[in-house]
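For reference, the chains in residue letters:
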Amino acid sequence: PSASGNYYLTGDVSLEKRWELKDDVVLCLNGHDIVRTTKSSYYSDVIYIRNKTFRLTDCQDSGKITHAEGIDGRGVYVYAKTDEHSSFSMYAGAIANNSYTTNASYAGGGGVCVYEGSFTMYGGSIYGNSVSAEVATYGGAVYAKSASNNSQKASFTLYAGNIYENSASSGGGVWVGEPSDIKMTGGSIINNNVTGSGGGVYFKGDTFNVSGNVSITG
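What you see is a predicted model, and the numbers here were worked out from it, not measured in a lab.

(A) Region of the structure containing the packing of aromatic side chains. Under the counting rule described, the total for this entry stands at 16 aromatic pairs. A centroid spacing of 6.0 Å and a plane angle of 40° characterise the contact between Tyr106 and Tyr138, whose relative ring orientation is tilted. With a gap of 32 residues between them, Tyr106 in strand β13 (residues 106-108) and Tyr138 in strand β18 (residues 136-138) connect regions that are remote in the sequence. In this structure Tyr138 comes out as partly exposed when scored by relative accessible area, which is 21%. Judged by centre distance (4.7 Å) and plane angle (20°), the rings of Tyr138 and Trp175 are stacked. With Tyr138 in strand β18 and Trp175 in strand β23 (residues 174-177), this pair connects stretches of sequence that are 37 residues apart. The buried category is assigned to Trp175, whose relative accessible area is 5%. Grouped by ring-pair contacts, the aromatic residues Trp19, Phe54, Phe88, Phe119 and Phe156 constitute a single cluster. Sitting above the plane of the Tyr48 ring, Arg18 keeps its charged end 3.7 Å from the centroid. Positioned above the aromatic ring of Tyr100, the side-chain terminus of Arg74 is 4.0 Å from the ring centre.

Okay, here's the thing in C-alpha cells:
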C-alpha cells in the first residue's frame, strides 16, 4: 500500500527490500505471509515505520511477518525522531522466525525494534526470533529504547498475545531501556532463552506497570 487506508492480503507477499510505510495503514494478513527474500547490508527489516501509524491484524490468524530461510533481519522496525510519532499496533497474526545479525558491538530487537516510537500488542504472537552481534544482544522478540537526550520515550504495552521461544543475551523476550516505559495488563511471555539477564523481561527504563492477568514463565 502506498496510500492511507484499510488493506487485506489475497496471497503471500515477497519483498526484495523493506516496506517503508508512506502513509497510515491498517493491514489484515488474511492468513498470508509477508516474506523478506533478499539480504541487505543495512536495511534488513521486513517493515519500517517512521512518523506513521501501522495497525496489523489477521482474520485467519495464520499469517506472519518473516524472512526467507538464510536471510537475516528484523521483523518490524519502529523509528521516530523529535516531534515525530511512529506507532505500531498488533491485534493478530505473527512476527516469527526473524534473525537479526550485525557486525556491530551490540544489537536489539529480532522481532520488533522500537526506537523512540510506540508498540502496543493486543493479540497475536511473536516467536522464534533472535538477534546476533559481536558483544551483546538485547530483546530477542521486542526491544524498546530512547535516546537519553530526547524527551520522547519509547514504549511497549502488552494487553494480550504471546511472546515465546525468542533468544538474546539480555532480555530473551523483551528488553526495555531508559528512558522508556513498559505496561502489561495481559498476555504471556513464555520460554524465552537468554545467556545473561532477564530471560523473559529485562527492564532498565522509567516505569514498569503490571496489572491484570500476566504470565511471565519459563
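On we go from here.
(B) Main features of the side chain of Glu84. Mapped onto the fold, Glu84 is located in the loop between β9 (76-79) and β10 (87-90). A distance of 3.1 Å separates the side chain of Glu84 from the side chain of Arg50, its partner in a polar contact. Of note is the side chain of Glu84, whose polar atom sits 2.9 Å from the backbone nitrogen of Lys81. With residues near it in sequence (within four places) discarded, Glu84 still touches Arg50, Asn51 and Gln152.

(C) Local environment of the side chain of Ser89. By the element assignment, Ser89 lies in strand β10. Every residue in contact with Ser89, bar those within four places of it in the chain, is listed here: Phe54, Arg55, Leu56, Thr120 and Tyr122.

(D) Structural view of the sheet that holds strand β19 (residues 142-145). Sheet architecture is open: seven strands sit in the order β3-β6-β9-β14-β19-β23-β26, paired in parallel fashion. Two strands close off the open sheet at either side, each with one partner strand: β3 (19-20) and β26 (201-204). Here strand β6 (residues 47-50) pairs with β9 via four bridges, running parallel. Residue pairing for β9: Ile47 is matched across the bridge by Val76.

(E) Just the pattern of salt bridges, in detail. Counted by the stated rule, this structure contains six salt bridges. Salt-bridge contacts for Lys64 lead to Asp33; the nearest nitrogen and oxygen are separated by 3.0 Å. Of this pair, Lys64 sits in strand β8 (residues 64-67) while Asp33 sits in the loop between β4 (25-28) and β5 (34-36), and the two are 31 residues apart along the sequence. You can call Asp33 buried: its relative accessible area is 14%. Put simply, Arg18, Glu20 and Asp45 are held in one network by salt bridges that share partners.

About the criteria used
- Residues numbered from 1 in each chain as written.
- Predicted model: local features only at pLDDT ≥ 70, side-chain atom pairs only at ≥ 80, totals over all residues.
- Heavy atoms only, no water.
- Phe/Tyr/Trp six-rings, centres within 6.5 Å; stacked < 30°, edge-to-face > 60°.
- Helix = DSSP H or I, 4+ residues; strand = E, 2+ residues; numbered from the N terminus.
- Buried < 20%, exposed > 50% of the residue type's maximum accessible area, 1.4 Å probe, protein only.
- Lys NZ or Arg CZ within 6 Å of the ring centre and 35° of its normal.
- Polar contact = N/O pair within 3.5 Å; in protein donor to acceptor, adjacent residues only side chain to side chain.
- Contact = heavy atoms within 4.5 Å.
- Pairing = 2+ DSSP bridges.
- Salt bridge = Lys/Arg side-chain N within 4 Å of Asp/Glu carboxyl O.

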